[in-house]
Amino acid sequence: MTPEELKGLVRTVPDFPHTGIMFRDITTLISHPLGLAATVRHLADRARELGAEAIAGMEARGFIFGAAVAVELQLGFVPVRKPGKLPVEVLGIDYDLEYGTDRLEIDPGAIAHGQTVVIVDDLIATGGTALAAAQLLRQAGATVDDALFVIDLPDLGGAARLRETGVDVTALMEFEGD
């Protein structure tokens, strides 16, 4: 399936979670067997071209696509977790959200110094989580030059913010507006 055909599998839910928001729901994409397989294949092909040595994904939807891409490429997967989920000493970073703050953590032992890690996630909006993940992975010694997303919401500026930090962004599809 082409990226344009995959875009047709993404459900748009108006006024969720707030009035005026057009929520891009991937449930309909990941429940479609051929759509899910094609999405993973497109992301994996790009990660292979980029020379990925490991794939990182942010909890929770980044685990869906990131782990699948890692399996497709026979690479390790680095889970970027919410706080308190890892049973070892972690590296962590606090970051700002639109309405508050959050935290991400990783097991630094999951990354070899200088290893090329490609971030994979479902959606890039304002970019806060992806920026924090890239910074955290770099702090652990990874080389992070690329991030792959199923969906980009370019009007929210996240991809541009990532590019400003030296992380190139590829998305399979874009939706205008938020």
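It should be emphasised that the depicted structure is a prediction, and the values quoted were computed from it without experimental measurement. The numbers attached to residues start from 1 for each chain and follow its sequence in the written order. The predicted nature of this model means local features are confined to residues of pLDDT at least 70 and side-chain atom pairs, given and counted, to a pLDDT of 80 or more, with totals for whole chains, interfaces and linings taken over all residues. In computing side-chain values, all of the structure's heavy atoms are included and hydrogens and water are not.

Participant: So what exactly am I meant to see when it comes to the packing of aromatic side chains here?
Facilitator: The relation between two aromatic rings is expressed through the spacing of the ring centres and the mutual angle of the planes. Two rings from Phe, Tyr or Trp (for Trp, the six-membered ring) form a pair when their centres sit within 6.5 Å of each other. Planes less than 30 degrees apart are called stacked, planes more than 60 degrees apart edge-to-face, and all others tilted. Taken as a whole and assessed by the stated rule, the structure comprises 2 aromatic pairs. Considering the side-chain rings of Phe 16 and Phe 23, the 5.2 Å spacing of their centres and the 85° angle between planes classify their relative orientation as edge-to-face. Exposure remark for Phe 16: the relative accessible area of 43% places this residue in the partly exposed category. Arranged with centres 5.8 Å apart and planes meeting at 90°, the rings of Phe 63 and Phe 77 form a pair that is edge-to-face. Pair noted here: Phe 63 is in helix H4 (residues 61-73) and Phe 77 is in strand E4 (residues 76-80), with a separation of 14 residues, a long-range link. Burial here depends on accessible area, computed with a 1.4 Å probe over protein chains only, as a share of the maximum for the residue type. Under 20% is buried, over 50% is exposed, and the range in between is partly exposed. On the basis of relative accessibility, which here comes to 24%, the residue Phe 63 falls in the partly exposed class. Lying across the ring of Phe 175, Lys 7 places its NZ or CZ 4.8 Å from the centre. Runs of E in the DSSP output that reach at least two residues are strands. Runs of H or I that reach at least four are helices, and both are numbered from the N terminus. A positively charged side chain is recorded as over a ring if its NZ (Lys) or CZ (Arg) lies within 6 Å of the ring centre. The angle to the ring normal must also be within 35 degrees.

Participant: What should I look at first to understand the side chain of Asp 121 in this one?
Facilitator: Take Asp 121: it is sitting in strand E7 (residues 116-124). A distance of 3.2 Å separates a polar atom in the side chain of Asp 121 from the backbone nitrogen of Gly 62. Each residue touching Asp 121, except ones within four places of it in the same chain, is listed here: Met 58, Arg 61, Gly 62, Leu 148, Phe 149 and Val 150. Between N or O atoms, a polar contact is any pair within 3.5 Å; within protein, one atom must be a potential hydrogen donor and the other a potential acceptor, and residues adjacent in sequence are included only when both atoms are from side chains. The contact definition used throughout considers only heavy atoms, calling two residues in contact when any of these lie within 4.5 Å.

Participant: Honestly, the side chain of Gln 115 in this entry has me stumped. Any pointers?
Facilitator: Inspection of the secondary structure assignment puts Gln 115 in the loop between strand E6 (100-106) and E7. A residue is classified by how much of its surface remains accessible, and Gln 115, at 16% relative accessible area, is buried. Apart from residues no more than four positions distant in its own chain, Gln 115 is found in contact with Glu 53, Ala 54, Ala 110, Gly 141, Ala 142 and Thr 143.

Participant: Explain the packing of helix H3 (residues 33-49) against H4 here, please?
Facilitator: The relative placement of two packed helices comes down to the angle between their axes together with the axis-to-axis distance. At a closest axis distance of 9 Å, the pairing of H3 and H4 adopts a crossing angle of 65°. Relative to H4, the element H3 lies roughly perpendicular. Relative to H4, the crossing made by H3 is right-handed. When H3 is examined against H4, the residues Leu 36, Thr 39, Val 40, Arg 41, Leu 43, Ala 44, Ala 47 and Arg 48 are found in contact with a partner set consisting of Phe 65, Ala 68, Val 69, Glu 72 and Leu 73. A fitted line through C-alpha atoms serves as each axis, taken over the contacting stretch for helices, and the angle formed by two N-to-C directions is quoted from 0 to 180°. Every angle not falling under 35 degrees, over 145, or within 65 to 115 is termed oblique; those three ranges are roughly parallel, roughly antiparallel and roughly perpendicular. Here a crossing is called left-handed whenever its near helix is offset anticlockwise from the far helix by less than a right angle, and right-handed whenever the offset is clockwise.

Participant: Would you mind showing me how to read the sheet that holds E7 here?
Facilitator: Only when DSSP finds a minimum of two bridges between them are two strands counted as paired. Taken in spatial order, the 5 strands line up as E4-E3-E7-E8-E9 in an open sheet, and their pairing is parallel. What marks the edges here is a single partner per strand, and that holds for E4 and strand E9 (168-174). Across the sheet, the axes of successive neighbouring strands diverge by a mean angle of 25°, strand direction being ignored. Most of the contacts of H3 go to strand E8 (residues 143-152), to which it runs at about 155°, and overall it touches strand E3 (54-58), E7, E8 and E9. Against the sheet, H4 touches E3, E4, E7 and E8, its axis set at about 165° to E3.

Purely spatial values, then, with no claim about function.
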